[in-house]
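# Architecture and fold: a report
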Amino acid sequence: MISKAFNYIKNIRTTGAVYESSRFVSRNITHEISAHKPQVVIELGAGSGNITERILSKLHPESKLYCFEIEPQFYAKLENIQDSRFHLIKESAADVTKYFELSSVDIIISGLPLSLFDNTDRSQLLNDCYCLLKKGGVYRQFLYSLQKNYFMPIFDRMEMSVEMNLPPAVLYSCYKLN
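Attention in this report is confined to the structure presented alongside it. Computed from a predicted model, the values in this text were never measured in an experiment.

What counts and what doesn't
- Residues numbered from 1 in each chain as written.
- Predicted model: local features only at pLDDT ≥ 70, side-chain atom pairs only at ≥ 80, totals over all residues.
- Heavy atoms only, no water.
- Phe/Tyr/Trp six-rings, centres within 6.5 Å; stacked < 30°, edge-to-face > 60°.
- Helix = DSSP H or I, 4+ residues; strand = E, 2+ residues; numbered from the N terminus.
- Buried < 20%, exposed > 50% of the residue type's maximum accessible area, 1.4 Å probe, protein only.
- Lys NZ or Arg CZ within 6 Å of the ring centre and 35° of its normal.
- Pairing = 2+ DSSP bridges.
- Axes fitted to C-alpha atoms, helices over the stretch in contact; angles between N-to-C directions.
- Contact = heavy atoms within 4.5 Å.

A few words now on the packing of aromatic side chains. For the structure on display, the rule yields eight aromatic pairs. Taking 6.2 Å as the distance between ring centres and 40° as the angle between the ring planes, the aromatic pair formed by Tyr 139 and Phe 151 counts as tilted. Taken together, the residues Tyr 139 in strand E5 (residues 133–143) and Phe 151 in the loop between E5 and strand E6 (157–163) connect sequence positions twelve residues apart. In this structure Phe 151 comes out as buried when scored by relative accessible area, which is 0%. Here the aromatic residues Tyr 130, Tyr 139, Tyr 150, Phe 151, Phe 155 and Tyr 172 are joined through ring pairs into a cluster of three or more. In this structure, Arg 157 packs its charged tip against the face of Tyr 175, placed 4.3 Å from the ring centre. Sitting above the plane of the Tyr 130 ring, Lys 176 keeps its charged end 5.0 Å from the centroid.

The strands that make up a sheet pair up through hydrogen bonds in the backbone, lying either parallel or antiparallel. Spatially, E3-E2-E1-E4-E5-E7-E6 is the arrangement adopted by the seven strands of the open sheet, whose pairing is mixed. Of all the strands in the sheet, just strand E3 (86–89) and E6 have a single pairing partner and so form its edges. Put simply, the sheet's adjacent strands are angled 15° from each other on average, direction ignored. Of the strand pairs in this sheet, strand E4 (residues 105–110) and E5 are connected by five bridges, and their pairing is parallel. Residue pairing for E5: Val 105 is matched across the bridge by Leu 133. Relative to E5, helix H6 (residues 119–132) is tilted by about 145°, and along the sheet it contacts strand E1 (40–44), E4, E5 and strand E7 (169–175).

Structure, rendered in structure tokens:
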């Protein structure tokens, strides 16, 4: 447990966390994933893979999960996942539009530390995510602070909840309605 926490703290500028997200965050951030229909899901900042594992446990057999991770100690663990639906991309989430057509993604789940991004990079990433989502698609993000101003100028609707985590996590559900 201590070595896992050390990996997060050692790379806090890219992880934005002191430990992996709780089971409560993992359960609630994957709420829209369906075992009943194929979906294209992107995870930005897969970290140690606890949310990744939850996503895979809920996915339809014909769904696809694409995970972006740039930290070598994390993607070394993610490479051990043996699931044909899982695709690891060892690049920055800023490159997400290189891999997908516009309006082709059902769900984007992010644990990226958006509060550590500069305003221009954060806005660009969120705009890119909005453009990748299908009509009715959802972008789900957890952060450790109230930052609804990041999402409201871009997404059509936003909901927030506070999840049990250390520290407590704010879960943002942002929808593309048009």
